[in-house]
Amino acid sequence: MLSIDRKTFKIAFINKFVEIHGVELKDGTNQQKYEALAGIVRDYVSRTWLKTNKRNNKSGQKQVYYFSMEFLLGRLLGDALLNLGLRDVCKAALEELNINLDELENFEHDQGLGNGGLGRLAACFLDSMASLNIPGNGCGIRYKYGFFEQKIIDGKQVEVSDEWLKEGNAWETRKANKSEIVKFGGEIKVDYINGGMNFTHVNYEPVLAVPYDTPVVGYENDVVNTLRLWSAEAVSNEFDYSSFSRGEFLQAIEYKNSVESISQVLYPEDSFYKGKILRLKQQYFFVSAGIQSILRHFKKQDGDIRFLDEKVALHINDTHPTLAIPELMRILVDEEGLDWDEAWRITTNTVSYTNHTILAEALEKWPIDMFKTLLPRIYMVVEEINKRFCEELWNKFQGQWQKISDMAIISDGQIKMAHLAIVGSHSVNGVAKLHTEILKKKEMSNFYYLYPNKFNNKTNGITHRRWLLKSNPRLTDLLKETIGESFIKHPTDLVNFERFLEDKSTLEKLGKIKLANKEVLTNTILQTQGISVDPNSIFDVHVKRIHAYKRQILNCLRIMDLHNALIDNPNLGIEPRTFIFAGKAAPGYYLAKNTIELINSVAKLINNDSRINDKIKVVYLENYNVSMAEEIVPGTDLSEQISTTTKEASGTSNMKFMMNGAVTIATLDGANIEIRDEVTDDDIVIFGLTADEVFNYYKFGGYNSIEIYNNDSRIKRVLNDLINGKYHQDKERFRSIYENLITYNDEFFVLKDFDSYIRAQDRVNTLFKDPVKWQKMCGQNIAHSGIFSSDRTIEQYATGIWGSEVIYKNL
Ligand code: 26Q
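Residues numbered from 1 in each chain as written. Predicted model: local features only at pLDDT ≥ 70, side-chain atom pairs only at ≥ 80, totals over all residues. Heavy atoms only, no water.

An unreviewed UniProt entry lists the protein under the name Alpha-1,4 glucan phosphorylase, from Clostridium vincentii. Under the Cofactor (unreviewed entry) heading, UniProt states for the protein: "pyridoxal 5'-phosphate". Recorded in UniProt under Catalytic activity (unreviewed entry), the annotation for the protein is "[(1->4)-alpha-D-glucosyl](n) + phosphate = [(1->4)-alpha-D-glucosyl](n-1) + alpha-D-glucose 1-phosphate". (UniProt positions renumbered as here; feature names shortened; annotations may be inferred.)

Mind laying out the environment of Glu-630, listing which residues take part and the relevant values?
Tracing the backbone shows Glu-630 in helix α25 (residues 626-632). Considered as a pair, Glu-630 and Ser-471 are 159 residues apart in the sequence and their alpha carbons are 5.4 Å apart. Look past the residues within four positions of Glu-630 in its chain and what remains in contact with it is Arg-466, Trp-467, Lys-470 and Ser-471. In terms of polar contacts, Glu-630 uses its side chain to reach the side chain of Arg-466, at 2.7 Å. (Helix = DSSP H or I, 4+ residues; strand = E, 2+ residues; numbered from the N terminus. Contact = heavy atoms within 4.5 Å. Polar contact = N/O pair within 3.5 Å; in protein donor to acceptor, adjacent residues only side chain to side chain.)

I'd like a rundown of the sheet that holds strand β24 (residues 663-666), residues and numbers included.
Within the open sheet, the six strands sit side by side as β22-β21-β20-β23-β24-β25. Their pairing is parallel. Looking at strand neighbours, the two that pair on one side only are β22 (616-621) and β25 (685-686), the edges of this open sheet. Pairing between strand β21 (residues 577-582) and β22: six bridges, direction parallel. Note that in β22 the partner of Thr-578 across the bridge is Lys-617. Against the sheet, helix α24 (residues 590-607) touches β21 and β22, its axis set at about 145° to β22. (Pairing = 2+ DSSP bridges. Axes fitted to C-alpha atoms, helices over the stretch in contact; angles between N-to-C directions.)

So what's going on with the UniProt feature "modified residue: N6-(pyridoxal phosphate)lysine" (unreviewed entry) in the protein? Which residues, and what values?
The sites that carry the UniProt feature "modified residue: N6-(pyridoxal phosphate)lysine" (unreviewed entry) are, in the present numbering, Lys-656. Tracing the chain through its elements places Lys-656 in helix α26 (residues 653-659). Assessed through its relative accessible area of 8%, Lys-656 is described here as buried. The residues contacting Lys-656, other than those within four sequence positions of it, are Arg-120, Ile-462, Trp-467 and Val-633. (Buried < 20%, exposed > 50% of the residue type's maximum accessible area, 1.4 Å probe, protein only.)

Any chance you could break down the packing of helix α23 (residues 552-568) against α24 for me, citing the residues and the numbers?
At their nearest, the axes of α23 and α24 sit 10 Å apart, and the two run at 20° to each other. Judged by the angle between their axes, α23 and α24 are roughly parallel. Judged by the twist between their axes, the crossing of α23 over α24 is left-handed. Mapping the contact onto sequence places Gln-552, Ile-553, Cys-556, Ile-559, Met-560 and His-563 in α23 and Thr-595, Leu-598, Ile-599, Val-602, Leu-605 and Ile-606 in α24. A breakdown of the residues in the contact of α23 with α24 according to their chemical character gives nine nonpolar, three polar and no charged. (Parallel < 35°, antiparallel > 145°, perpendicular 65-115°, else oblique. Left-handed = near helix turned anticlockwise from the far one by under 90°. Nonpolar A, V, L, I, M, F, W, Y, C, P; charged D, E, K, R; others polar.)

Before we move on, could you go through the layout of surface pockets and cite the residues and values that matter?
If you add up the space inside the second largest pocket, you get close to 800 Å³. In terms of lining residues, the second largest pocket is bounded by 33 residues, among which Asn-53, Lys-178, Asp-213, Arg-228 and His-297 are the most central. In terms of residues, the lining of the second largest pocket owes the most to one element, helix α2 (residues 30-59), which gives nine residues. Grouping the amino acids of the lining of the second largest pocket by side-chain chemistry returns seven nonpolar, 17 polar and nine charged. (1 Å grid on protein atoms, 1.4 Å probe; cavity = no way out; pocket = protein on both sides within 12 Å on 5 of 7 lines; lining within 4 Å. Points joined across faces, edges and corners; volume = space filled by probe spheres on them.)

A description of the environment of Thr-322 should follow, citing residues and the corresponding values.
Its location among the elements puts Thr-322 in the loop between β13 (312-317) and α11 (324-335). Distance from Thr-322 to Met-197, taken between C-alpha atoms, is 25 Å for residues 125 residues apart in sequence. With residues near it in sequence (within four places) discarded, Thr-322 still touches Ile-316, Met-417, Leu-420 and Ala-421. Only 2.6 Å separates the side chain of Thr-322 from the backbone oxygen of Thr-319, close enough to count as a polar contact.

Tell me about the nonpolar core, and name the residues and values.
Within the largest apolar cluster, 196 residues are counted, with the highest numbers of intra-cluster contacts made by Leu-37, Phe-67, Phe-285, Phe-371, Phe-497 and Trp-802. Here this core gets ten residues from one element, more than from any other, and that element is helix α9 (residues 277-300). With residues near it in sequence (within four places) discarded, Trp-802 still touches Lys-62, Val-64, Tyr-66, Met-129, Ala-313, His-315, Ser-352, Ile-794 and Tyr-797. Counting residues in each nonpolar core, the second largest holds 67 residues, with Ile-574, Ile-596, Ala-603 and Phe-734 among its members. (Core = buried A, V, L, I, M, F, W, Y, C linked by side-chain atoms within 4.5 Å.)

Which residues make up the side chain of Ser-231, and what values do they have?
Mapped onto the elements of the fold, Ser-231 is located in strand β12 (residues 224-233). The class of Ser-231 is buried, set by a relative accessible area of 8%. Non-local contacts of Ser-231, meaning those with residues more than four positions away in its chain, are made with Arg-142, Leu-208, Ala-209, Val-210, Tyr-212, Ser-263 and Phe-285.

Describe a nonpolar patch on the surface, with residues and values.
Among the surface-exposed residues, Ile-153, Val-158 and Val-160 lie close enough to one another that they form a single nonpolar patch of about 200 Å² accessible area. Secondary-structure assignment places Val-160 in strand β6 (residues 156-160). Here Val-160 falls in the partly exposed class, since its relative accessible area comes to 32%. (Patch = residues over 30% accessible without salt bridge, like charges linked within 9 Å, V, L, I, M, F, W, Y side chains within 5 Å. Areas by Shrake-Rupley, 256 points an atom, 1.4 Å probe, with all protein chains shown as cover. Salt bridge = Lys/Arg side-chain N within 4 Å of Asp/Glu carboxyl O.)

Please provide a residue-by-residue account of the packing of α23 against helix α32 (residues 750-769), values included.
Two packed helices can be described by the angle between their axes and the distance between those axes. As a packed pair, α23 and α32 sit with axes 10 Å apart at the nearest point and diverge in direction by 60°. One element, α23, and the other, α32, form an angle in the oblique class. Considering how the two elements wind past one another, α23 and α32 form a crossing that is right-handed. Counting all contacts with α23, which are made through Ile-553, Leu-554, Asn-555, Leu-557, Arg-558 and Asp-561, the residues of α32 involved are Val-750, Leu-751, Asp-753, Phe-754, Tyr-757, Ile-758 and Gln-761. For the contact of α23 with α32, the per-class residue count stands at eight nonpolar, two polar and three charged.

Structure below.
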């Protein structure tokens, strides 16, 4: 922890301002003030960063490298100030200069290099690794454009590119001297030397991978870890003209453009695999650069490559970085001269893999031709891995051709990345208990049978530092007042809050805090959407990526139904509610975009319907991102976690809401089950099909959505309203949603769960009417949320998978 007093901070800030802007503070813009502030915080961080690196090099502790295509960091200033223990000093120093810290923080652009849950998980993990003093590094891509910005125009999503680097990035350092070359295309020349084979890659296209390092500050522990993101650049002109291009100017420009496109943009699909060559290039690009640089560093520290697995753990976040396996093999065999078996032992002991989805459409499979042309040597390595694996299968399952072909890494003209990831790593984990069970018993049962010891569960978590301490200071203060500060380092100590829930005054305070947070959100809604909502109404919140399996449609249909009920009976005994939605749809996902439009049409109709006396309002917040989540989560009463059971691997926003004292309405899916186990059925509202019921329908059929439509007048009415012009003058506008539910038999059981959902919402209504009871529920959720800190998750990864030492003590 840094001890810097207010005066020193103030002087440092003023000096920094003049130093970087060359004007006086009083003449500066807020943007400039933000930059100066970030600048001094960076300076403070740098010293500790250097110390951490030195310490790591000396101690020889095992290093973890977390490979991920996505890191959804959000803003870093507030996080750094909190973790350095400088927030109060900084706030006070700036106040003396008439500067409001909270306002300045808004000038930082969100670092949005991720789609959703998987990318945010990676960011929470970095924070926990640093805070637990685990030498853990992130490795990814420095996309020039992050996840697109969403505008809602005429109720529809419009995508705008995310120019997050436009004003510069105070946190990164370009390390040109640590660049690596990544080779694409070309051919492999094989020479036979002394009875062995020698592989030379010729005529390849070289790409320069330049690392940009971002510090990851641990919580008050003098640790700063590193997130290394790679940017693709053309190799220098000399190289270009002499050994690669034919010296033609236009070709050189073409080469430059094609190279730079590699780290140009993050793919905005989060659950749909398309075999795009650029995506494959991105994957190999950062994996190859990352592994080369790890090995270079390892050898520089006098590491013996034969013991790599004792000193290095490589973790792959979903299958996206699976090429780490053949890339490490290639280097160990071709460049380090190890024999195959030894290289394989080292590789499998080093690599571990997390699966995040069972959606079949998200599984990565690359066409052989594309793969082979782009990565000829890597393809040979994968072929060899496949050949040996199939031999193993043959010995075990003789004659069972179907099984062998189902499990092979290469089959049907494709390379199956999940199979490669399982075969090439020592650990395969799911992200919640149910998800892991589904992997073992269903999706990957063949592999589980073969390698039972590889499979394990690591239920996700969230960093309570960002998602409680930073985003909800009011609640944090109440917790400190009541249970003391131990929960900050030991989040399961939150359970001590339970004792205070019998105390009326604590419950009242809890209510007031929630109201204050809802007022902030109310203000944002007014400012950004021009909609005025009542902070005393139930804030019923459904924010996440828009996807059929997440069932925003189910929520929307019941709002339409509630509106009908209110029109039929204006005296209906419901608590006023504000329905809040936010989230982005993949640009090519028609149904999801249509869903956004429907919600906005429903909002328009309801918000302007004077007959219902403002009892319900519907809001769609534009451009959902990490910073917006930090504002929404603390101001939520009811958290909607209503995915089709079995489809949401874990979910992590469910944990954020819980920790901030929202009540959850949920299906028994993903980590919702574990939340229920913590709070018991008393303090969560559960509805819908169970996993077994869903699997039964899949196996035996028997679900008929039309039947439900015909037998439930409420459903009939809302579905008919989709296509009779009630919500849009163009009657056909929401046809696809209707067809999905009726003609295509409602793949996600929306109609099946409708009645049970409505009844669950009625229970919520009754519970909310009794403020004491409601506040107690909220308090119970807070008290039992500690287990969902990513510190717990990371400790389990560290001890159960990576074999890293966990040293808690403050250094
Ligand atoms: C794959 C191939 C081509 C292009 C894109 C992709 C791609 C990109 C991102 C596939 C999947 C993702 C992201 C998936 C994701 O975020 N999954 C979520 O992971 C969370 C963290 O474990 C879970 O909590 C969620 O349940 C899960 O949906």
